[in-house]
Amino acid sequence: MGVAKALAVRQATMKDVDAMLEIVNEYAQQGLMLPRTKLSFLENLQSFIVAHDGDSVVGVAGLHILWEDLAEIRSLAISEKAKGMGVGKHLVLHLVEQCRLLGIKRVLALTYQQVFFEKCGFWVVAKETLPQKAWKDCINCSKLPMCDEIAMIFETA
């Protein structure tokens, strides 16, 4: 049975942290996202979900609430073995639904993967339209002040 057929999404747990760290930091080494430490995952574990194929974690994503009407999808990463199998879209749609249930009207993604997020229903917005709260983690980014990520928004309501 393939990854896509056995795929399940659930709340991340302590036993998932090492796999989450490995998946995210593989992308960070390529300059595609900010690196995460084990401590940052532990401190924010309740904000993360994982996709698993029954045997192992194959994807991770976090939801960070920025304000009463805005949340950000963070650290969306898929293991090499699960790329192209719909895992990323499954995680994004799960987090969008969480926002809908929480009453959060807009979901933000800062990304290099514009086409992927467009397929998930997001559209590009000017970075200048976002509240300053959206940029608080940018202080840790090596690309500051020349950020080349694309800001994208999904409206839940």
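Heads up: the structure comes first, above all this text.
Residues numbered from 1 in each chain as written. Predicted model: local features only at pLDDT ≥ 70, side-chain atom pairs only at ≥ 80, totals over all residues. Heavy atoms only, no water.

Now, about the overall build of the chain: what can you tell me, with residues and values included?
Across its full length, the chain holds five helices and seven strands. Secondary structure of the chain in N-to-C order comes out as α-β-α-α-β-β-β-α-β-α-β-β. When contacts within the chain are restricted to residue pairs at least 6 apart in sequence, long-range pairs at least 24 apart make up 70% of them. Of the accessible surface of the chain, which amounts to about 8,700 Å², a share of 56% is contributed by carbon and sulfur atoms. (Helix = DSSP H or I, 4+ residues; strand = E, 2+ residues; numbered from the N terminus. Contact = heavy atoms within 4.5 Å. Areas by Shrake-Rupley, 256 points an atom, 1.4 Å probe, with all protein chains shown as cover.)

Now, about the sheet that holds strand β2 (residues 48–52): what can you tell me, with residues and values included?
If you trace the seven strands from one edge of the open sheet to the other, you get β1-β2-β3-β4-β5-β7-β6, paired in mixed fashion. One side of each edge strand has no neighbouring strand; the edge strands of this open sheet are β1 (8–11) and β6 (123–124). Where strand β3 (residues 57–67) and strand β4 (residues 70–78) come together, seven bridges link them in antiparallel fashion. From the neighbouring strand, Ile65 faces β4, where its bridge partner is Ala71. Strands β2, β3 and β4 of the sheet are contacted by helix α2 (residues 17–29), whose axis makes an angle of about 80° with β3. Strands in contact with helix α4 (residues 87–102) are β1, β2, β3, β4, β5 (106–111) and β7 (150–155); relative to β3, the strand with the most contacts, it is inclined by about 30°. (Pairing = 2+ DSSP bridges. Axes fitted to C-alpha atoms, helices over the stretch in contact; angles between N-to-C directions.)

Can you lay out the packing of aromatic side chains for me, pointing to particular residues and giving the numbers?
All told, the structure shown has four aromatic pairs when counted by the stated rule. Ring geometry for Phe41 versus Phe48: centroids 5.0 Å apart, planes at 70°, classification edge-to-face. Given the relative accessible area of 0%, Phe41 is considered buried. The interplanar angle of 80° and the centroid separation of 5.1 Å between the aromatic rings of Phe117 and Phe122 together place this pair among those described as edge-to-face. By the burial criterion, Phe117 is buried, and Phe122 matches it. (Phe/Tyr/Trp six-rings, centres within 6.5 Å; stacked < 30°, edge-to-face > 60°. Buried < 20%, exposed > 50% of the residue type's maximum accessible area, 1.4 Å probe, protein only.)

Can you lay out the pattern of salt bridges for me, pointing to particular residues and giving the numbers?
Enumeration according to the criterion identifies seven salt bridges in this entry. The closest approach of N and O atoms between Asp69 and Arg106, which form a salt bridge, is 3.7 Å. You can see Asp69 sitting in the loop between β3 and β4 and its partner Arg106 sitting in strand β5, a full 37 residues away along the chain. What makes Asp69 partly exposed here is its relative accessible area of 27%. The salt bridge partner of Glu80 is Lys83, with a shortest N-O separation of 3.2 Å. Judged by relative accessible area, Glu80 falls into the exposed class, the value being 52%. Taking the relative accessible area as the measure of exposure, Lys83 reaches 40% and is therefore partly exposed. (Salt bridge = Lys/Arg side-chain N within 4 Å of Asp/Glu carboxyl O.)

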